[in-house]
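# Residue-level structure breakdown
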Amino acid sequence: MKTITGGVCAAKGFSAAGVHCGIRKNTQKNDLSLIYSDTPCTAAAVYTTNLVKGAPLTVTKEHLLDGHARAVIVNSGNANTCNADGIDIARQMASLAADALGIDSTDVVVASTGVIGQPLDIAPIRDGIPLLCDRLSRQGAHEAALGIMTTDTVSKEVAVEFTLGDAVCRIGGCAKGSGMIHPNMATMLVFLTTDVAISAEMLHKALSTDITNTFNMLSIDGDTSTNDMVTLLASGAAENPCITEEGEYFDTFMRALNTVNIALCRMIAGDGEGATKLLECSVSGAKDETIAKAVAKSVICSSLLKAAMFGADANWGRVLCAIGYAGVPLDVSKIDVSFKSPAGEIAVCHSGAGVDFSEQRAKEILLEDEIEILVKLNDGDASASAWGCDLTYDYVKINGDYRT
């Protein structure tokens, strides 16, 4: 398996585009994106657990009932959530894209991201779709990735190549997400494409299984968004023997999918609103995976710990505090904690108690852009990882006037 370029267009049969249509005031930023497959695809999606859901999710769920799709239309700048006409607007988005592409509207995935509770005018979308379709190309992945960004500071794209028997296969993806991100799912949109031939049932099983270890282990600020969605389209263009059951090929596909999703998780976490550091909490030695996940998420969600990481303060007590309220049974007297970064590693807690360490050395380690919080529970063989970012002054500034 190797990392390649191309994002959502890396897989055979996919093209993409992104344009500015007028939803966002900044004319230099794309706000409408399209991903398209030359042929019908099997499709799967997972959605936010928030009871308040964006209208596009309702429409997309309807469209994916048959397990198939062919295109994704998505806008940024407006979430189309809590609007009286939201469902109608989302359906119009699908119909307009379908008419321009010559496909059925039920084969279109619809997504929106941006401000909640603001009416979404269909006019700029209607006027922008012809140009969007004209710009569809195998090189359009980056423009599409730019079009789904809101407070993101960088686009998020990745792709990998692997083999299933003699067939060369690819999975690519793009994501947006910076704030309002918390398990389960986040204010993130993730669009994944693959040329693997796989049944809709197995595709859904792969995606729903993998997110429990990837996107559901991601937290920026403790808020679960209304528009979160991860979609996966499979064109079958790689012409591998179709995956219809578990086995060697399905396992290989799962490893490739996990590689892509972890990479996107890390990109989202590292680009959290106002963030200066990517945080990863790795828990090992847990009695079972449920305990490992609960501990990792509790640590990465701690506002006090996140603030300490912003200040490069090796306040390991905040790690123990977060572990203590994780709500799972464990022996605190067995816990070891250390901090690690490209600058090195330093142990700060052993058997539930502090150890002598150099504060200066710890600060050098915590001043890096990527920090690992290593927690050893010393009570079993299970492990888990969670991702997040530090909590900074800029997070408050960004969200203090996000709507206005």
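Below is a short write-up of the structure. Just so it is clear, the structure is predicted and the values come from calculations on it, not from any experiment.

Another aspect to go through is the side chain of serine 76. Tracing the backbone through its elements, the reader meets serine 76 in strand S4 (residues 68–78). A distance of 2.9 Å separates a polar side-chain atom of serine 76 from the backbone oxygen of glycine 147. In this structure, serine 76 is in contact with Ile23, Arg24, Asn30, Asp31, Thr113, Gly147, Ile148, Met149 and Thr150, ignoring residues within four places of it in sequence.

For the structure shown, the criterion picks out 15 salt bridges. For arginine 126, the salt bridge identified is with aspartate 127, shortest N-O distance 3.8 Å. Exposure remark for arginine 126: the relative accessible area of 41% places this residue in the partly exposed category. The class for aspartate 127 is exposed, based on a relative accessible area of 55%. For the salt bridge of glutamate 364 with arginine 361, the shortest nitrogen-to-oxygen distance reads 3.1 Å.

Attention now moves to the side chain of serine 235. By the secondary structure assignment, serine 235 is in the loop between strand S9 (229–234) and helix H6 (248–270). Within the structure, serine 235 has its side chain in polar contact with the backbone nitrogen of alanine 237 (distance 3.2 Å). With residues up to four places along the chain from it excluded, the contact list for serine 235 reads Lys12, Phe14, Ser37, Thr39, Pro40, Cys41, Thr194, Asp195 and Val196.

Looking now at helix H9 (residues 317–324). Considered for burial, the residues of H9 that qualify are Val319, Leu320, Ala322 and Ile323. The arc that holds every buried residue of H9, seen down its axis, measures 160°, which confines them to one face. If you follow the buried residues of H9, they end up packed against helix H7 (289–301), helix H8 (303–310), strand S11 (336–341), strand S12 (344–350) and strand S14 (370–376).

The final tally for this structure, using the stated rule, is zero disulfides. Cysteine 281 supplies the cysteine sulfur nearest to cysteine 301, a cysteine that is in no disulfide, at a spacing of 10 Å.

Attention now goes to the packing of aromatic side chains. One pair of aromatic rings is described through two measures. These are the centre distance and the angle between the planes. Taken as a whole and assessed by the stated rule, the structure comprises zero aromatic pairs. Across from the ring centre of tyrosine 47, 4.9 Å away, lies the NZ or CZ of lysine 61, which sits over that ring.

Taken in spatial order, the six strands line up as S13-S12-S11-S14-S10-S15 in an open sheet, and their pairing is mixed. The two strands at the open ends of the sheet, each matched to only one other strand, are strand S13 (353–354) and strand S15 (382–389). Pairing between S11 and S12: five bridges, direction antiparallel. Paired with lysine 340 across the two strands is glutamate 345, which belongs to S12. Strand contacts of helix H10 (residues 359–366): S11, S12 and S14, with the helix running at about 125° to S12, the strand carrying the most contacts.

So, about the pairing of strand S7 (residues 167–176). Taking burial as the measure, the ten residues of S7 include eight buried ones, the bulk of the element. The turn joining strand S6 (residues 156–164) and S7, which pair antiparallel and follow one another in sequence, is formed by two residues; a positive phi near 65° is taken by glycine 165. Relative to strand S8 (residues 189–194), S7 is paired through six bridges, and the arrangement is antiparallel. Each bridged residue has a counterpart across the sheet, and for glycine 172 the counterpart in S8 is threonine 193.

Calculation rules
Residues numbered from 1 in each chain as written. Predicted model: local features only at pLDDT ≥ 70, side-chain atom pairs only at ≥ 80, totals over all residues. Heavy atoms only, no water. Helix = DSSP H or I, 4+ residues; strand = E, 2+ residues; numbered from the N terminus. Polar contact = N/O pair within 3.5 Å; in protein donor to acceptor, adjacent residues only side chain to side chain. Contact = heavy atoms within 4.5 Å. Salt bridge = Lys/Arg side-chain N within 4 Å of Asp/Glu carboxyl O. Buried < 20%, exposed > 50% of the residue type's maximum accessible area, 1.4 Å probe, protein only. Arc of directions from axis to C-beta. Disulfide = S-S within 2.5 Å. Phe/Tyr/Trp six-rings, centres within 6.5 Å; stacked < 30°, edge-to-face > 60°. Lys NZ or Arg CZ within 6 Å of the ring centre and 35° of its normal. Pairing = 2+ DSSP bridges. Axes fitted to C-alpha atoms, helices over the stretch in contact; angles between N-to-C directions.

This is a description of form; function is not addressed.
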